[in-house]
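# A structural walkthrough
Residue-level listing of the chains:
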Amino acid sequence: MSNFSALRQALAGQAARRTARGLPPGAVLPRLRLLTTAELLCPAAPPVCAADACAELEAVCSAARCMLRRRDGWLRFACAGKALPVLVRPALLQAAVLAWMRGALMAGADEVSLVCAEQGGAVRVSLCGGADPHGDAAALLERLAREAGGTALFLARGAFGAALRLPRADGLPLREPSRAEDMLADRYALPRLYLDGFCAEPEL
């Protein structure tokens with residue numbers, strides 16, 4: 001992963017130098033998005049702590065709602081309201097959902113829905129609406145399912161739809177969940193990378 005880190009630092013440095021000269025950061029966000037996607041698709045060591053799927057998705061959806069130029073209700077999110085531990089990288093979970101949102105935005109979807117719930121001793125994550133024209137969402141969701149030891153199913157045709165079944169990781173310590181406030185304050189947070197071009201605030 002050292003090559004990814006070096007490239008990430010170089011891109012951030014390039015953006016900082018342009019910003020210091022009063023120039024826009026250029027294409028740094030699209031490049032960082034591609035880099036992040038490539039990094040997350042690579043196999044990684046199993047996480048030591050479990051991630052609360054409900055809390056992670058709630059945080060990323062809250063941040064997305066604050067950023068997006070969309071009417072209230074465009075993104076319908078429902079979760080179990082309790083901790084749902086899964087053995088995955090939180091960044092992979094968030095990026096997969098954000099890539100799906102990006103595909104839906106590019107397709108002009110009127111609304112999308114995301115559900116995270118407990119089902120038969122496992123965690124079910126369902127996404128419906130939009131499209132995945134570049135394949136990033138499907139690839140990230142498949143990587144997510146493999147990492148968690150679960151399965152992913154996709155609609156064969158029509159609007160984008162996916163259902164993931166992820167085994168619960170009970171008994172493992174839960175990592176501190178991400179916070180929407182931190183994502184909103186970070187100019188290179190995952191929602192900014194994947195929702196670049198669709199944000200209500202000026203692009204960074």
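Below: a short report on this structure. Given the structure is predicted, the values throughout are model-derived calculations rather than measurements. (Residues numbered from 1 in each chain as written. Predicted model: local features only at pLDDT ≥ 70, side-chain atom pairs only at ≥ 80, totals over all residues. Heavy atoms only, no water.)

### Some thoughts on the overall build of the chain
- Tallying secondary structure elements over the chain gives 7 helices and 7 strands in all.
- Put simply, the chain runs from its N terminus to its C terminus through helices and strands in the order α-α-β-α-β-β-α-β-β-α-β-β-α-α.
- The 204 residues of the chain split such that 46% are buried.
- Of all intrachain contacts in the chain linking residues separated by at least 6 positions in sequence, the fraction that spans at least 24 positions is 75%. (Helix = DSSP H or I, 4+ residues; strand = E, 2+ residues; numbered from the N terminus. Buried < 20%, exposed > 50% of the residue type's maximum accessible area, 1.4 Å probe, protein only. Contact = heavy atoms within 4.5 Å.)

### Let's talk about the packing of helix H4 (residues 90-106) against helix H5 (residues 136-148)
- Closest axis-to-axis distance for the H4/H5 pair is 8 Å, and the angle between their directions is 155°. Classified by the interaxial angle, the pair formed by H4 and H5 is roughly antiparallel. Like other packed secondary-structure pairs, H4 and H5 cross with a definite hand, here left-handed. On H5, the residues touching Leu-92, Leu-93, Ala-95, Ala-96, Ala-99 and Trp-100 of H4 are Asp-136, Ala-137, Leu-140, Leu-141, Arg-143, Leu-144 and Glu-147.
- The residue inventory of the contact of H4 with H5, partitioned by class, reads 10 nonpolar, no polar and 3 charged. (Axes fitted to C-alpha atoms, helices over the stretch in contact; angles between N-to-C directions. Parallel < 35°, antiparallel > 145°, perpendicular 65-115°, else oblique. Left-handed = near helix turned anticlockwise from the far one by under 90°. Nonpolar A, V, L, I, M, F, W, Y, C, P; charged D, E, K, R; others polar.)

### Some remarks on H4
- Over its 17 residues, H4 extends 24 Å from the first C-alpha to the last, a length consistent with the 24 Å expected when each residue adds 1.5 Å.
- Across the 17 residues of H4, 15 count as buried, placing the element largely inside the fold.
- Backbone geometry just downstream of H4 places Gly-108 in the positive-phi region, at approximately 70°. (Expected span 1.5 Å × (residues − 1).)

### Observations regarding the side chain of Arg-89
- Among the structural elements, Arg-89 can be located in the loop between strand S3 (85-86) and H4.
- Setting aside residues no more than four positions away along its own chain, Arg-89 makes contact with Glu-39, Leu-40, Cys-42, Ala-44, Pro-47, Arg-143 and Glu-147.

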